[in-house]
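# Commentary on secondary and tertiary structure
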Amino acid sequence: MALKLFSTIFNNKRNFTKTNLEIFTRAYRAVKPVARNNLYSRISPLGDPDVSLTPVLDQWVLEGQKISELELQRIIRQLRSRKRFKHALQVSEWMSGQGLAFSVRDHAVQLDLIGKVRGLESAETYFNSLNDEDKVDKLYGALLNCYVREGLVDESLSLMQKMKEMGSFGSALNYNGIMCLYTNTGQLEKIPDVLLDMKENGVSPDNFSYRICINSYGARSELSSMDNVLQEMESQSYISMDWGTYSTVANYYIIAGLKEKAIIYLKKCEDIVSKSKDALGYNHLISHYASLGNKDEMMKFWGLQKIKCKKQLNRDYITMLGSLVKIGELEEAEKMLEEWESSCYCYDFRVPNIILLGYSQKGMIEKADAVLKEIVKKGKTPTPNSWSIIAAGYADKNNMEKAFECMKEALAVHEENKFWRPKPSLVSSILDWLGDNGDVEEVEAFVSSLKIKVQKRNMYHALTEAHIRSGQEVDGLLESMKADDIDEDK
């Protein structure tokens, strides 16, 4: 979440993919656990998706504890909100197997969970197994959501048409699904027609419906049409305007270079955010004013966020640091990093990485290196990505010896970050340099640490060149290359 937000404020080049954040961002806050003897208090700590919840549910019943449909529905809802879909499905299936009341809504939730956990084919099988009287609009809507999630345009439209023929136009949620599908498949020009069809069939658009359509026009630089949809949205008595919509509109005016228009909608965004305690709203305002180069407004909203919100999360510091870096206030960003360090409970290297990137992209890689080494002196262990940022900065300045040393540091800590992968271009440039400059033992040690991380071709070539320079035989290497189906001449 935090990295996505940073991408909207750090990069000067904006595009539709990045502005999706304005539409789809959701904020999550850690909730302090409460010591209670209830079913959820037993389920909540079992975060490993491979740990089954069924024994916990069975034990609860064996102890003679009461259990209700409402409690199970609440637990399923909580697990879904935390993206623990496998566990949510286990609770749902346990519930349906206990003879408890299982509503159409429960079936729809289970169908959606099956699609997420086991895939579309299993979801379709479940849908087909239900009685016809259970296949109401909510069930069709859940199946439609599975098709949308898989990006299946034809299947989604066919199911939507079937629902219409049954006299069920569904809810705004179904139409929103189709509009999201067109967004995700790059067919933005089709979205306004879906909104029109929605209204013609007597389904009232909600905030999300209007925002998707506004985005479709903004992404295609049709700002006049975007404004028209916004005015229609504002005129609807049942719509409560949200800051996210105004933020989206302001963003497209910033992209278009229309500063005055952008500020109009930023003020409307501010009016809503200032009445709430939504830190994410303040983050968006800070980000937008950074794009406009307005440090005073940035600092104003940072101050207001501190007053209105109980605490600042890492996400909030990432936004503010990225904004300061963007306007070139690197020294002030360092001071804010110190502020964050003094208050953080868990050292999240995504926060200082922003400053490392800022210095690196300005060609001040020695300064970035010094910042990272100062953090190491404080007893912190950087992530591979932190070292990789420094390595890339040195490589950009053709200091390959330093880049090599930093990449070795990154690989030394990769076990704790198993999903990290170094940039192939960076690794290739280091291997090319090693092939020409490294001794055989050095190259072999580096290659050994890379084997599970990158393609083997460059590794073999670096090893071969090092062996040839040192006068050592390469027959064994050539045989290994042949076994791995790598052409020695490429």
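Summarised in this report is the structure supplied together with it. In this text the structure is predicted, and so the values were computed from the model without any measurement.

## Re the overall build of the protein
Tallying secondary structure elements over the protein gives 28 helices and 0 strands in all. Per-residue burial for the protein yields a buried fraction of 48% across its 490 residues. Within the protein, counting contacts between residues at least 6 apart in sequence, those at least 24 apart form 61% of the total. In the form shown here, the protein has an accessible surface area of approximately 24,600 Å², with 49% of it arising from carbon and sulfur atoms.

## Some details on helix H10 (residues 153-165)
Between its first and last C-alpha, H10 extends 18 Å over 13 residues, near the 18 Å set by a 1.5 Å rise per residue. Within H10, the full set of buried residues consists of Val153, Ser156, Leu159, Met160 and Met163. Projected onto a plane normal to the axis of H10, the buried residues spread over an arc of 140° and lie on a single side. Turned more than 90 degrees away from the buried face of H10 sit Asp154 and Glu165, all of them exposed. With its phi angle positive at about 85°, Gly167 sits one or two positions after the end of H10.

## So, the side chain of Glu334
The topology assignment puts Glu334 in helix H20 (residues 330-343). A polar contact is formed between the side chain of Glu334 and the side chain of Lys367, at a distance of 3.3 Å.

## Let's talk about the state of the cysteines
Using the criterion set out here, one finds 0 disulfides in the structure. Distance from the sulfur of Cys346, which forms no disulfide, to the nearest cysteine sulfur (Cys344) is 7.5 Å.

## Side note on the nonpolar core
Inside soluble globular proteins, nonpolar side chains tend to come together where they are buried. Within the largest apolar cluster, 137 residues are counted, with the highest numbers of intra-cluster contacts made by Met407, Ile430 and Phe446. Among the elements that take part in this core, helix H9 (residues 137-149) stands out by supplying 8 residues, more than any other. Beyond its immediate stretch of four places on either side in the chain, Ile430 contacts Met400, Ala403, Phe404, Met407 and Phe446.

## So, the pattern of salt bridges
Evaluation of the coordinates by the stated rule reveals 25 salt bridges. Here Arg149 ties to Asp112 by a salt bridge, and the two come within 3.1 Å at their closest N and O atoms. Placement of the pair is Arg149 in helix H9 and Asp112 in helix H7 (residues 104-118), with a sequence separation of 37 residues. Among the residues examined, Asp112 registers a relative accessible area of 5% and is labelled buried. Between Lys164 and Asp197 there is a salt bridge, with the nearest N and O atoms lying 2.6 Å from each other. Of this pair, Lys164 sits in helix H10 while Asp197 is found in helix H12 (residues 191-200), placing the two residues 33 residues apart along the sequence. In this structure Lys164 comes out as partly exposed when scored by relative accessible area, which is 22%. With relative accessibility at 23%, the residue Asp197 sits in the partly exposed group. Connected through shared salt-bridge partners, Arg80, Asp112, Lys116 and Arg149 make up one network.

## Structural notes on the packing of H7 against helix H8 (residues 120-129)
Relative to each other, H7 and H8 sit at 155°, their axes nearing to 7 Å. The orientation of H7 with respect to H8, classified from their angle, is roughly antiparallel. Taken together, the residues of H8 that come into contact with H7 (itself represented by His107, Gln110, Leu111, Ile114, Gly115 and Arg118) are Leu120, Ser122, Ala123, Tyr126 and Phe127.

Thresholds, definitions, all that
- Residues numbered from 1 in each chain as written.
- Predicted model: local features only at pLDDT ≥ 70, side-chain atom pairs only at ≥ 80, totals over all residues.
- Heavy atoms only, no water.
- Helix = DSSP H or I, 4+ residues; strand = E, 2+ residues; numbered from the N terminus.
- Buried < 20%, exposed > 50% of the residue type's maximum accessible area, 1.4 Å probe, protein only.
- Contact = heavy atoms within 4.5 Å.
- Areas by Shrake-Rupley, 256 points an atom, 1.4 Å probe, with all protein chains shown as cover.
- Expected span 1.5 Å × (residues − 1).
- Arc of directions from axis to C-beta.
- Polar contact = N/O pair within 3.5 Å; in protein donor to acceptor, adjacent residues only side chain to side chain.
- Disulfide = S-S within 2.5 Å.
- Core = buried A, V, L, I, M, F, W, Y, C linked by side-chain atoms within 4.5 Å.
- Salt bridge = Lys/Arg side-chain N within 4 Å of Asp/Glu carboxyl O.
- Axes fitted to C-alpha atoms, helices over the stretch in contact; angles between N-to-C directions.
- Parallel < 35°, antiparallel > 145°, perpendicular 65-115°, else oblique.

By themselves, these are just geometric observations and shouldn't be taken as functional.
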